Amino acid sequence: DVKVTQSSRYLVKRTGEKVFLECVQDMDHENMFWYRQDPGLGLRLIYFSYDVKMKEKGDIPEGYSVSREKKERFSLILESASTNQTSMYLCASSRDVLRNQPQHFGDGTRLSIL
Amino acid sequence: SQQGEEDPQALSIQEGENATMNCSYKTSINNLQWYRQNSGRGLVHLILIRSNEREKHSGRLRVTLDTSKKSSSLLITASRAADTASYFCATNSGGYQKVTFGTGTKLQVIP
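What counts and what doesn't
Residues numbered from 1 in each chain as written. Chains lettered and ligands numbered in written order. Predicted model: local features only at pLDDT ≥ 70, side-chain atom pairs only at ≥ 80, totals over all residues. Heavy atoms only, no water. Core = buried A, V, L, I, M, F, W, Y, C linked by side-chain atoms within 4.5 Å. Buried < 20%, exposed > 50% of the residue type's maximum accessible area, 1.4 Å probe, protein only. Helix = DSSP H or I, 4+ residues; strand = E, 2+ residues; numbered from the N terminus. Contact = heavy atoms within 4.5 Å. Pairing = 2+ DSSP bridges. Axes fitted to C-alpha atoms, helices over the stretch in contact; angles between N-to-C directions.

So, about the nonpolar core. In this structure, Met21(B), Leu32(B), Trp34(B), Leu74(B), Ile76(B), Tyr87(B) and Leu107(B) are the most contacted members of the largest nonpolar core, which totals 21 residues. Counting only elements with at least two residues in this core, the list comes to strand E3 (19-24), strand E4 (31-37), strand E5 (43-50), strand E7 (61-66), strand E8 (71-76), strand E9 (85-92) and strand E11 (105-110) of chain B. Setting aside its immediate chain neighbours within four residues, Tyr87(B) contacts Glu6(B), Met21(B), Tyr35(B), Arg36(B), Leu46(B), Leu74(B), Ile76(B), Gly104(B), Thr105(B) and Leu107(B). Of all hydrophobic cores here, the second largest spans 20 residues; its members include Val19(A), Cys23(A), Met32(A) and Ile113(A).

Okay, here's the thing in structure tokens:
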């Protein structure tokens, strides 16, 4: 079974801090994704990566950056955390979506910015 | 932007009944996927249907796709309390590796 592991289930940070969310997958997937999930808004894509050192902006990239130095690891960075970034963050990985491969999700990180 | 819109937003049924959730989308798709999310957890992939398929089954799940109406439905037969979760549709529009998720249907199955 594919395992996607997010480093923290719960995280509390202060406004202005630099925050790192880490995600690791063990199935050699090419693609990795970061979403945020808010009530009534569903999942919104922040960034995704289709290869090492490659990244693409999603629908809501403002205030975030990402890093993919190794194939198995995809990091989401909040450069200067703000209260409106309080949310559930979900990481996912997949093989080629165009070849009808599904996404596999981690259990999420519930981030609170005070 | 949200490609998929699920309907209804919430559904409450008795154990043993069937549950039907609908998803509408706006642009042409390569495939459509359904996911389940238990409270406080990540999403779990249930079933994927390709744009050239009309119906697909997996255990108690039945998914239909009508590309002319840009809609899909997920039917869960003989529901169980353990089916209580939120269900999301997600579409891949081809040309890109990303999928776009809807806002979900919250299903409650009462024992």
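Read on, since the account is not over.
Further remarks concern the sheet that holds strand E1 (residues 4-6) of chain A. By way of backbone hydrogen bonds, the strands of a sheet pair with one another, either parallel or antiparallel. Residues and elements named next belong to chain A. Taken in spatial order, the four strands make up an open sheet running E1-E3-E8-E7, and their pairing is antiparallel. Taken across any chain shown, the strands that pair with only one partner, and hence form the sheet edges, are E1 and strand E7 (64-70). Averaged over all pairs of adjacent strands, the angle between their axes in this sheet comes to 20°, without regard to strand direction. In terms of strand pairing, E7 meets strand E8 (residues 73-78) through five bridges, oriented antiparallel.

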